[in-house]
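The residues making up each chain are set out below.
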Amino acid sequence: MGELPPGQEARLWLYGVARKVLADHRRSTVRQRLRSVELDAEMADLYGDSPDSGVGLSVIAAVFRSLSDDDRELLSLVAWEGLGREEIATTLGVSRNAVRIRLYRARRRFSRALDEAGVRSASESRMGATGRSL
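Here the structure is a predicted model, which means the values were calculated and not measured.

Bringing the pattern of salt bridges into the picture now. Between side chains of opposite charge, pairing is possible as soon as their charged atoms come close. Under the criterion given, the structure shown has four salt bridges. A salt bridge links D69 to R72; the nearest nitrogen and oxygen atoms lie 2.4 Å apart. You can see D69 and its partner R72 sitting in helix α3 (residues 69-79), three residues apart, about one turn around the helix. Measuring nitrogen to oxygen at the nearest pair gives 2.6 Å for the salt bridge that ties R109 to D71. One end of the pair, R109, is in helix α5 (residues 96-116); the other, D71, is in helix α3, with 38 residues separating them in the sequence.

Counting residues in each nonpolar core, the largest one holds 16 residues, and the members touching the most others are L75, F110 and L114. Mapped onto this core, the elements with two or more residues apiece are α2 (57-66), α3, α4 (85-92) and α5. Top element by residues in this core is α5. It accounts for six residues. Residues in contact with L75, not counting those within four places in the same chain, are F64, L67, W80, L103, A106, R107 and F110.

What counts, and at which threshold
Residues numbered from 1 in each chain as written. Predicted model: local features only at pLDDT ≥ 70, side-chain atom pairs only at ≥ 80, totals over all residues. Heavy atoms only, no water. Salt bridge = Lys/Arg side-chain N within 4 Å of Asp/Glu carboxyl O. Helix = DSSP H or I, 4+ residues; strand = E, 2+ residues; numbered from the N terminus. Core = buried A, V, L, I, M, F, W, Y, C linked by side-chain atoms within 4.5 Å. Buried < 20%, exposed > 50% of the residue type's maximum accessible area, 1.4 Å probe, protein only. Contact = heavy atoms within 4.5 Å.

Set out below in structure tokens:
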């Protein structure tokens, strides 16, 4: 990392740095919004208002909000931020194995909460008791 330029150059250098930071922030915000839209579309495909499910996305959102802060954070890092296990481990300061275990448990709790709320995925709705597609 270089030193701060002397005199007037320092101010111009800081403007340049601030400009780059703001541009990165804007790009990050756009990427996050796109991921959110993609996730919303994915959730709508899985759990949307299909005639046979009768479940709205608001129910899924409520179930998600009912999870613990830790579960929501972990699931959000995967779904919204698109982070992998190694990145999450670095972010949270835990081992990759701890992330794997926590993610498995968070997904299981989310799945159970959805089941309890009567939410079934569209693929489950099309499956019969034998597990074969209707």
